[in-house]
Amino acid sequence: DEGTPWRVASLHVRAVKRDADAKHPGEFSETPVELAYPEAELLALCKLKPGKRYERVKQSQDQAELRKRYGRDGYLSHPSLGATSWQFLEPELLYDFDKHEVAVTYKLAQGEQRYVREVLFEGTTHTRDRVLRREVDVMPGEKADIEEITRSLNRIYSTNFFSDEFAPLDHKDPTFRFQPVEGQPNWVDLYYQVEEGRVVNLQLQGGIDSNNGVFGRILLEMRNFDGTALPSSLWRMPGEIYEKEAFHGAGQRLVLELSPGTLVNSYQVRFVEPDLFGTQFDRTILDTNLSRRLRRYRYYDEDRNDRRVRFGREFGRNWTVWAGFSNQGIDVTNIEADFGGSYLQPGEFPLADSLFAEEGHSNLIGGLFDVNYRNVDRTLNPSEGLLAKWQNGVYGGVFGGDWDFVRSSLDFDWFWPFGSEEEDVRPGLHLSLGVGVADEFGSTRDVPYTERFFLGGNHILRGFSYRGVGPNKGGQPLGGETMASGSIEYKIPLYAVAQPGTYKKVEVFHTKLFVDAGILDPDAWSLDLDELRASVGFGFGMSYPI
């Protein structure tokens, strides 16, 4: 017998001070105390309202909101603080059986308002202290803001320096605890606890996809690299790297990649120093990259050698401004002139004229200027926040080279989760928008074919073949000097597992429903909305790669 739902007659919030009962261990006496905030302010955060049904799920949401509000001002709720922690106690319920209503009173043990005396780290056996400290915005002497403490923890986790998906179950992901300061009830020491993770990442992969055909991949990546931590000897180098005693601990990144395939062959060497001058905050970043990519298209081959160096300057946690230099050598060869054995006059080939103009070797030399904005909950597989990037390249002109043109693109990605904030894994919405333009100047009559915008494939405008979105010439893509694209997708988690050593769950498998759309225009600064192409579909996959 489910009975009749109870209605909320009234809702109040009161605070109590809990003292241990000396005669009855484990029990506490409660003394009413004044609320730290006006009751009206706290009630405004609550979803449980007079006249509405009394639902436990709304009560749980109210508990989370009240904990968050108190936590911003240092009233901490954490197991390491024991009975002195902020607590949401069992509410008092007064029933009116005649009206079938219940008067609800939330009881809060507010605890002490805490301040941070020291920020310390545990478990950094080989990683330098500054590598973690630059991810933490909590400063000694400040209020213990639980939201900022958690954001700093998420940044430490997102470095991937302290994760190991192949470790035994006793490997714990980063967490934090508080240590009360003896004789100073309002002060705590904040400890971030980590375990050195697997940062030497060797991947051997193979597969097939609709963009790149059959491919293989050999990748050696060191995520917490230190170029100055040399091994004691050549013979001991493998063991010392494995034990994280050599080339480890400075937070640098080294990538060596070889990827052969039937359509694409690529090679890359990349080095990133995330804190060039050791400032920890508002860092200067050095990013160097040497790469080569040979791509076999249907009617021609493209061999691209790229030598690139960039310097980035952080402004706060979310903004990074980049400036750099790129020197690319591009070889366009093996342009197919025989189409089914038919003889065609010059200019009649069903290929872009700009492709023939680029035949042979070309040098693209230019300056780079980018602006990035990142404010998401985690680096890999974000579920909430905004990503934005503005990328610009000016080639030729004062830089030299064979082509004079500019290329600029602007991209946005928004993420919104749905459901209760108490859930670690939630469904969510992802909206992405992108626009781009390329335009020639000086003596160049057309933007090089290889530098135009293309749509279609398994990343942009899914459902169309690779570069399968027009405008076309004889069925072959001309590429666009102007581009606009967008996508909206709804992701539904299918399976999640708990992180080792915690109760926090991580998404493993998901499905998604999506709508993609895009426009290409062969002319700069022009878009014909009648040429809009769109697709709708669904996907299934893993949230984190194997």
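Our subject in this report is the structure included herewith. Just so it is clear, the structure is predicted and the values come from calculations on it, not from any experiment. (Residues numbered from 1 in each chain as written. Predicted model: local features only at pLDDT ≥ 70, side-chain atom pairs only at ≥ 80, totals over all residues. Heavy atoms only, no water.)

**As for unusual backbone geometry**
The omega torsion across Gly470 and Pro471 is 20°, close enough to zero to call that bond cis. Structurally, Pro471 can be placed in the loop between strand S18 (428–440) and strand S19 (472–473). Here the phi dihedral of Trp525 falls at roughly 60°; this positive angle occurs in a residue that is not glycine. Secondary-structure assignment places Trp525 in the loop between strand S22 (505–521) and strand S23 (533–542). With relative accessibility at 65%, the residue Trp525 sits in the exposed group. (Helix = DSSP H or I, 4+ residues; strand = E, 2+ residues; numbered from the N terminus. Buried < 20%, exposed > 50% of the residue type's maximum accessible area, 1.4 Å probe, protein only.)

**Focus: the nonpolar core**
Ranked by size, the top nonpolar core spans 25 residues in total, and within it Tyr300 and Leu355 carry the most contacts. Of all the elements in the fold, those that place two or more residues in this core are strand S14 (319–333) and strand S15 (360–376). Apart from residues no more than four positions distant in its own chain, Tyr300 is found in contact with Arg295, Val332, Thr333, Asn334, Ile335, Leu355, Tyr449 and Arg467. (Core = buried A, V, L, I, M, F, W, Y, C linked by side-chain atoms within 4.5 Å. Contact = heavy atoms within 4.5 Å.)

**Looking at the environment of Asn224**
By the element assignment, Asn224 lies in strand S9 (residues 213–225). Asn224 gets classed as buried once you look at its relative accessible area, which sits at 1%. Asn224 sits 27 residues away from Gly197 along the chain, and the two C-alpha atoms are 9.4 Å apart. In this view, Asn224 contacts Thr127, Val131, Phe161, Val199, Phe247, His248, Gly249, Ala250, Gly251 and Gln252; residues no more than four positions away in its chain are not counted. Within the structure, the side chain of Asn224 is placed 3.5 Å from the backbone nitrogen of Ala250, a separation counted as a polar contact. (Polar contact = N/O pair within 3.5 Å; in protein donor to acceptor, adjacent residues only side chain to side chain.)

**Regarding helix H2 (residues 56–71)**
Structurally, the α-helix is built with 3.6 residues per turn, so residues lying three or four positions apart point the same way. Taking 1.5 Å as the rise per residue, H2 with 16 residues should run 22 Å; its terminal C-alpha atoms sit 22 Å apart, in good agreement. Among all positions in H2, only Gln59, Asp62, Ala64, Leu66, Arg69, Tyr70 and Gly71 are buried. Those residues of H2 hidden inside the fold are in contact with helix H1 (39–44), strand S3 (87–96), strand S4 (101–109) and helix H4 (146–158). (Expected span 1.5 Å × (residues − 1).)

**Regarding a nonpolar patch on the surface**
A surface patch of nonpolar side chains, about 1,000 Å² in accessible area, is lined by Trp416, Phe418, Tyr490, Ile492, Leu494, Tyr495, Val497, Leu513, Phe538 and Phe540. Every element with two or more residues in the nonpolar patch is listed here: strand S21 (482–498) and S23. Among the elements that make up the nonpolar patch, the one with the highest residue count is S21 (five residues). With respect to the secondary-structure elements, Leu494 resides in strand S21. (Patch = residues over 30% accessible without salt bridge, like charges linked within 9 Å, V, L, I, M, F, W, Y side chains within 5 Å. Areas by Shrake-Rupley, 256 points an atom, 1.4 Å probe, with all protein chains shown as cover. Salt bridge = Lys/Arg side-chain N within 4 Å of Asp/Glu carboxyl O.)

**Section: the pairing of strand S16 (residues 385–395)**
Pairing between S15 and S16: 11 bridges, direction antiparallel. In the strand pairing of S16, Val376 is matched with Gly385. Where S16 lies against strand S17 (residues 405–417), 11 bridges are found, and the strand directions are antiparallel. Note on S17: the bridge partner recorded for Val394 is Val406. (Pairing = 2+ DSSP bridges.)

**Concerning the pattern of salt bridges**
On inspection of all chains with the given rule, the structure shows 36 salt bridges. Here Asp129 makes a salt bridge to Arg133, at a shortest N to O gap of 2.7 Å. Of the two residues, Asp129 and Arg133 are both situated in helix H3 (residues 129–133); the distance of four residues between them amounts to about one turn of the helix. In this structure Asp129 comes out as partly exposed when scored by relative accessible area, which is 37%. Between Lys512 and Glu489 there is a salt bridge whose closest N-O contact spans 3.3 Å. Pair noted here: Lys512 is in strand S22 and Glu489 is in strand S21, with a separation of 23 residues, a long-range link. Taken individually, Lys512 and Glu489 each receive the classification buried, so the pair is uniform in this respect.

**A look at the sheet that holds strand S2 (residues 28–33)**
Pairing is mixed in the open sheet, where four strands are placed in the order S2-S1-S4-S3. This sheet does not close on itself; its edge strands, each paired only once, are S2 and S3. Neighbour-to-neighbour, the strand axes of this sheet turn through a mean angle of 35°, independent of strand direction. When strand S1 (residues 7–20) meets S4, the two strands line up parallel, connected through nine bridges. (Axes fitted to C-alpha atoms, helices over the stretch in contact; angles between N-to-C directions.)

**Focus: the environment of Val398**
In this fold, Val398 is placed in the loop between S16 and S17. Judged by relative accessible area, which is 82%, Val398 ranks as exposed. When the C-alpha positions of Val398 and Asn334 are compared, they lie 31 Å apart, and in sequence the two are 64 residues distant.

**A look at H4**
Taking 1.5 Å per residue, 13 residues should reach 18 Å; H4 reaches 18 Å between its end C-alpha atoms and fits that length. Where H4 is concerned, the buried positions are Ile146, Glu148, Ile149, Ser152, Leu153, Arg155, Ile156 and Ser158. Check the buried side of H4 and you find it contacts H2, strand S5 (115–122), H3, strand S6 (175–181) and strand S7 (184–193). One side-chain oxygen at the N-terminal end of H4 lies 3.0 Å from the backbone nitrogen of Glu147; it belongs to Asp145. Just downstream of H4, Asn160 is the residue with a positive phi angle, here 65°.

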